[in-house]
Amino acid sequence: MKTIKNKIEHLRKDLLKYQYYYHTLNESIISDAEYDYLLNQLYILERKNKNFITDDSPTQKIGSNLTDKFKKILHFFPMLSLENTFDFNGYLEFEKRIKKNIDTKKKINFCCELKIDGIAISLIYEKGIFIRAATRGDGYKGENITSNAKMIKSIPLKLKGSNIPERLEVRGEVFMLKSDFLRLNEKSRINKIKMFSNPRNAAAGSLRHLDSNITDKRKLIFSCYGCYFFKDFKTIKNISTHYKRLMQCLKWGFPINQEIIRCSNHQEVFNFYNKFKKKRNLLDFDIDGIVVKVDSIDLQKKLGCNSKFPKWAIALKFFSSQQTTKLQDVKFQVGRTGVITPVAYFNPVYISGVKIKKASLYNKNEIEKLNLHIGDSIVICRSGDVIPKILNVVNSTRFNNSKKVVFPVLCPFCDTKLLENKEEKIIRCHAGLTCDAQKKRSFYHFFSKKSFNVIGLGPNIINELIEKRLVQNPVDFFSLTDLDLITLKNVGRKKSVNIINSLKRCRTITFKRFIYALGIPNVGEVFAEKIANHFINLNKLVCASITELNNISGIGKVIANNIFNYFSVSVNYDMVYKLENKIKIIWNDPNTVIKNQKKTYFFNKKIVLTGVFDSFSRHQLKIILSNLGAKILNSVSKNTDILIYGKNFGSKFFKAKNLNIEMINEKQLNLLI
Ligand code: IVH
């Protein structure tokens, strides 16, 4: 129980800190999506543990922006916040709750509006004259920003038209256009003054500035989304719905965003939501969702409010498809095949509900295209809705002294000079197994499930074996004992015996898996199989020319070159032959081998070998033939089925001829295999 209490307190403390930055300092130190996510976590925990709820919890109170900068004003009606949902189910539950609350099965009309991402303000008019303006503050008390609000051109100082109420309160959002925000930041960059991280923060900073001349210079816009009449409410006829009230506000001279629709079913609501989810990036102002409100004022009154939200409205929010964050670092990873991949690390952001803190930068071109500098404001998205990607850099927020990201000249792990392959657009460290980073990754691959499939030999054990210099290349693993393994962290007797047993079992391996395990660049499972099907033994593969490799159906120039280059490196060449002595390569999976052997020419044949062969050693030939189901005998008798002869054959040749036994030379043998 203590841990749940701690968790709740921890979340609460963090959320209050984020609120302070957001509302008071006009700075976002985490994204809105992340804030909503954490707040929701706190809700869930508090709902299950009601005794831990406190009055100051962010779940019970509206975020406050009260500072000592401005005089306080008591709101006539509390300025509440909105309940949030990110999915249609959440919306359907909201509708269900409403119908249950007012006990009706009848259709309810809703009004859908855009949820503009700015700052909520309240404006008071008496006899049609602008009297005062306030921010939301803590929902009950706000900051008096009257002189600043007077500077916003779209806020009327005197109402137009007829039916002007004795006293009117209008509420709405103050915001800044994205284009104006970029221009403002560009100016601030040139003048070396504080820049804002997004249009919302820029609008908040400008609205809550002590010098109203500054507010005047910043291009702020007001958009009205609601109003309240006081005593003379009843005297104003035909204003029984939210929509009609907004239209009346429009007549009085308040700007209303024109994207408003009235819906009588949830499908219309979802269509409106989907339309703006697609269109939002094309708008010149930020929206973070839509707001759906019960249209009838009578029903709104019946439904009422709780301490935070009205029960007649909900925000159906968009998962942010893009987020702006700060680039912390770029690290250069060395892959198994030596390819250097730059990876960007940034302050975490939530995109489509997933926390993201790094993204691959693919190659040198990408870094140059983005012209990245440490500390840059970067825009992150999820390419194809999955892979994190840096879309672009907000250049205007960069300071002159920030450090440019440059691709290294030397391998960050072993200092070997990096070489660029312009055709493949990649840069590689060619140190192979002498580079520790590549060594680690190639060993993981070598013993992984699709390769040698050694159970229990995970990355931590492999790293420690390398660090303790117990293994230098894959061959060394086959000489390990359980006593070597038991010296490692977290490896007990049982585990070490299991690993050693698995290392013994994996010694019989198919040619396809063996080729895949070598980790030759671009040779995945499919290509490994094509190659295994082509070559009758390992030696033929090791000695194959680029042309021969390229002639294999499906093997292109790049892969042919990679295979040729791999076996041209003496370390690889030696390792492969040393391995061949430790393991047994078979051409098929043990389960299917017998079935396939039956289809071969040599199945169940008693065979004798004589002479020397160009393509294979005697040892290799014996393995190939026995893999094909043949029985190899040492001397010729009348029971022998076939004699296979090479150059410089001996007496077995003549004996077989006398006994009329089938004779096969090396050329015929190659064709039959
Ligand atoms: S209605 C009591 N309508 O969203 C309900 N709010 O997250 C009052 N907002 O504080 C809000 N566009 O600042 C409403 N069309 C809209 C809105 C809107 C943006 C803001 C507003 C509110 C916040 C709640």
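Given the structure is predicted, the values throughout are model-derived calculations rather than measurements. (Residues numbered from 1 in each chain as written. Predicted model: local features only at pLDDT ≥ 70, side-chain atom pairs only at ≥ 80, totals over all residues. Heavy atoms only, no water.)

Asker: Break down the overall build of the chain for me, with residues and values.
Answerer: Of regular secondary structure, the chain possesses 26 helices and 24 strands. Its C-alpha atoms give the chain a radius of gyration of 37 Å, clearly above 26 Å, the size a compact globule of 673 residues would have. Residues counted as buried form 48% of the 673 residues belonging to the chain. For the chain, long-range pairs separated by at least 24 residues make up 68% of all intrachain contacts whose partners lie at least 6 apart in sequence. Taken as a whole, the chain presents about 34900 Å² of accessible surface, with 52% of it coming from carbon and sulfur. In the chain, the 113 positive side-chain charges and the 60 negative ones have mean positions that sit 4 Å from each other. (Helix = DSSP H or I, 4+ residues; strand = E, 2+ residues; numbered from the N terminus. Rg over C-alpha atoms; globule rule 2.2 N^0.38 Å. Buried < 20%, exposed > 50% of the residue type's maximum accessible area, 1.4 Å probe, protein only. Contact = heavy atoms within 4.5 Å. Areas by Shrake-Rupley, 256 points an atom, 1.4 Å probe, with all protein chains shown as cover. Lys, Arg positive; Asp, Glu negative; His and termini not counted. Charge placed at Lys NZ, Arg CZ, Asp CG, Glu CD.)

Asker: Before we move on, can you summarise a nonpolar patch on the surface with the specific residues and values?
Answerer: A cluster of nonpolar side chains, Tyr362, Val386 and Ile387, forms an exposed patch at the surface whose accessible area comes to about 280 Å². Mapped onto the elements, valine 386 comes out in the loop between strand S15 (377-383) and strand S16 (387-393). (Patch = residues over 30% accessible without salt bridge, like charges linked within 9 Å, V, L, I, M, F, W, Y side chains within 5 Å. Salt bridge = Lys/Arg side-chain N within 4 Å of Asp/Glu carboxyl O.)

Asker: Let's hear about the site of the ligand: which residues, and what values?
Answerer: The local shell around the ligand holds 13 residues, among which Glu113, Leu114, Arg136, Glu173 and Lys293 are the closest. Contact distances for the ligand include 3.4 Å between an oxygen atom and a side-chain N or O atom of tyrosine 225. Here the ligand loses 89% of its free accessible area of 520 Å² to cover by the protein chains. Mapped by element, the contributors of at least two residues to the shell around the ligand are strand S3 (110-116) and strand S10 (287-294). If you tally residues by element for the shell around the ligand, the top one is S3, at 4 residues. (Near = heavy atom within 4 Å. Polar contact = N/O pair within 3.5 Å; in protein donor to acceptor, adjacent residues only side chain to side chain.)

Asker: Which residues make up unusual backbone geometry, and what values go with them?
Answerer: Positioned with a positive phi, asparagine 490 is a non-glycine residue whose angle comes to about 60 degrees. With respect to the helices and strands, the residue asparagine 490 is situated in the loop between helix H15 (482-486) and helix H16 (493-505). In this structure, asparagine 604 takes a positive phi of about 65 degrees despite not being glycine. One can find asparagine 604 in the loop between helix H23 (590-597) and strand S21 (606-610).

Asker: Could you give an account of the pattern of salt bridges, naming the residues involved and the relevant values?
Answerer: Per the stated rule, a full pass over the model turns up 24 salt bridges. Salt-bridge contacts for glutamate 46 lead to arginine 12; the nearest nitrogen and oxygen are separated by 2.8 Å. A residue pair is termed long-range when its members are at least 10 positions apart, and glutamate 46 in helix H2 (residues 32-48) and arginine 12 in helix H1 (residues 2-24) qualify at 34 residues. Ionic pairing is found between arginine 167 and glutamate 126, a salt bridge with its closest N-O pair at 2.8 Å. Residue arginine 167 is found in strand S7 (residues 167-176), and its partner glutamate 126 is found in strand S4 (residues 119-126); the two are separated by 41 residues along the sequence.

Asker: Residue-level account of the UniProt feature "binding site: Zn(2+)" (unreviewed entry) in the chain, with values.
Answerer: Under the present numbering, the feature "binding site: Zn(2+)" (unreviewed entry) in UniProt falls on Cys411, Cys414 and Cys435. In terms of the greatest pairwise C-alpha distance, the residues named above, spread along 25 residues, form a tight cluster of at most 8.7 Å across. With respect to the element layout, cysteine 411 can be found in the loop between S16 and strand S17 (419-421). Overall, cysteine 411 belongs to the buried group, its relative accessible area being 1%. With near-sequence residues (within four places) excluded, cysteine 411 lies in contact with Val334, Thr416, Leu418, Cys429 and Cys435. In this structure, cysteine 414 sits in the loop between S16 and S17. Residue classification places cysteine 414 among the partly exposed residues on the basis of a relative accessible area of 25%. Residues contacting cysteine 414, with those up to four places away along its chain left out, are Cys429, Ala431 and Cys435. (UniProt positions renumbered as here; feature names shortened; annotations may be inferred.)

Asker: So, the sheet that holds S4: which residues are in play, and what are the values?
Answerer: Reading across the sheet, the 4 strands line up as S5-S4-S7-S8 and stay open at both edges, with antiparallel pairing between neighbours. Unpaired on one side and paired on the other, strand S5 (129-135) and strand S8 (220-229) mark the two borders of the sheet. Each strand axis lies, on average, 30 degrees off the axis of its neighbour in the sheet, ignoring direction. Two strands pair when backbone bridges link them, and S4 and S5 are joined in this way by 6 bridges, in the antiparallel orientation. The residue of S5 that forms the bridge with tyrosine 125 is phenylalanine 130. (Pairing = 2+ DSSP bridges. Axes fitted to C-alpha atoms, helices over the stretch in contact; angles between N-to-C directions.)

Asker: Explain the pairing of strand S12 (residues 322-334) to me, and be specific about the residues and the numbers.
Answerer: Of the pairings in the sheet, the one linking S12 to S15 comprises 5 bridges and is antiparallel in character. For threonine 325, the partnering residue across the bridge sits in S15 and is isoleucine 378. One ladder, built from 7 bridges, connects S12 with strand S13 (residues 340-351); its direction is antiparallel. The residue bridging lysine 331 from the neighbouring strand is valine 343, located in S13. As consecutive antiparallel partners, S12 and S13 are separated by 5 residues, and within that stretch glycine 338 has a phi angle of approximately 90 degrees, a positive value.

Asker: Lay out helix H21 (residues 557-568) in plain terms, naming residues and giving numbers.
Answerer: When the terminal C-alpha atoms of H21 are compared, their 16 Å separation across 12 residues agrees well with the 16 Å that a helix rising 1.5 Å per residue should span. Here H21 has its buried residues at Ile559, Ala560, Asn562, Ile563, Tyr566 and Phe567. What you see down the axis of H21 is that its buried residues fit within an arc of 160 degrees, all on one side. Where the residues of H21 are buried, they touch helix H17 (511-518), helix H18 (525-534), helix H19 (538-542), helix H20 (546-551) and helix H22 (570-582). (Expected span 1.5 Å × (residues − 1). Arc of directions from axis to C-beta.)

Asker: Residues and numbers for H17, please.
Answerer: With respect to burial, H17 is a largely interior element, 6 of its 8 residues being buried. Phe511, Phe514, Ile515, Tyr516, Ala517 and Leu518 are the residues of H17 that are buried.

Asker: An account of the packing of helix H12 (residues 436-446) against helix H13 (residues 459-467) is requested, with residue identities and associated values reported.
Answerer: Look at H12 against H13: their axes get within 10 Å of each other, and the N-to-C directions meet at 135 degrees. In terms of their interaxial angle, H12 and H13 are classed as oblique. Two packed elements cross with a definite hand, and for H12 against H13 that hand is right-handed. Where H12 abuts H13, its residues Asp436, Lys439, Lys440, Phe443 and Tyr444 lie against Pro459, Ile462, Asn463, Ile466 and Glu467. Along the lines of polarity and charge, the residues of the contact of H12 with H13 split into 5 nonpolar, 1 polar and 4 charged. (Parallel < 35°, antiparallel > 145°, perpendicular 65-115°, else oblique. Left-handed = near helix turned anticlockwise from the far one by under 90°. Nonpolar A, V, L, I, M, F, W, Y, C, P; charged D, E, K, R; others polar.)

Asker: Lay out the packing of aromatic side chains in plain terms, naming residues and giving numbers.
Answerer: Aromatic ring pairs are defined here through the distance separating the ring centres and the angle between the ring planes. Applying the stated criterion across every chain yields a total of 33 aromatic pairs. Plain terms: the ring middles of phenylalanine 77 and phenylalanine 230 are 5.3 Å apart, the flat faces sit at 40 degrees to each other, and that makes the pair tilted. Within this pair, whereas phenylalanine 77 is found in the loop between strand S1 (72-74) and strand S2 (83-85), its partner phenylalanine 230 is found in the loop between S8 and helix H8 (242-252), the two being separated by 153 residues in sequence. On the basis of an interplanar angle of 50 degrees and a centroid distance of 6.3 Å, the ring pair of phenylalanine 94 and phenylalanine 110 is categorised as tilted. Note that phenylalanine 94 is positioned in helix H3 (residues 88-101) and phenylalanine 110 in strand S3, a separation of 16 residues in sequence. Accessibility expressed as a relative area gives 1% for phenylalanine 94, which makes it buried. Take phenylalanine 110: its relative accessible area is 3%, and that puts it in the buried class. Pairwise contacts between aromatic rings join Phe88, Tyr91, Phe94, Phe110, Phe270, Tyr273 and Phe318 into one cluster. (Phe/Tyr/Trp six-rings, centres within 6.5 Å; stacked < 30°, edge-to-face > 60°.)

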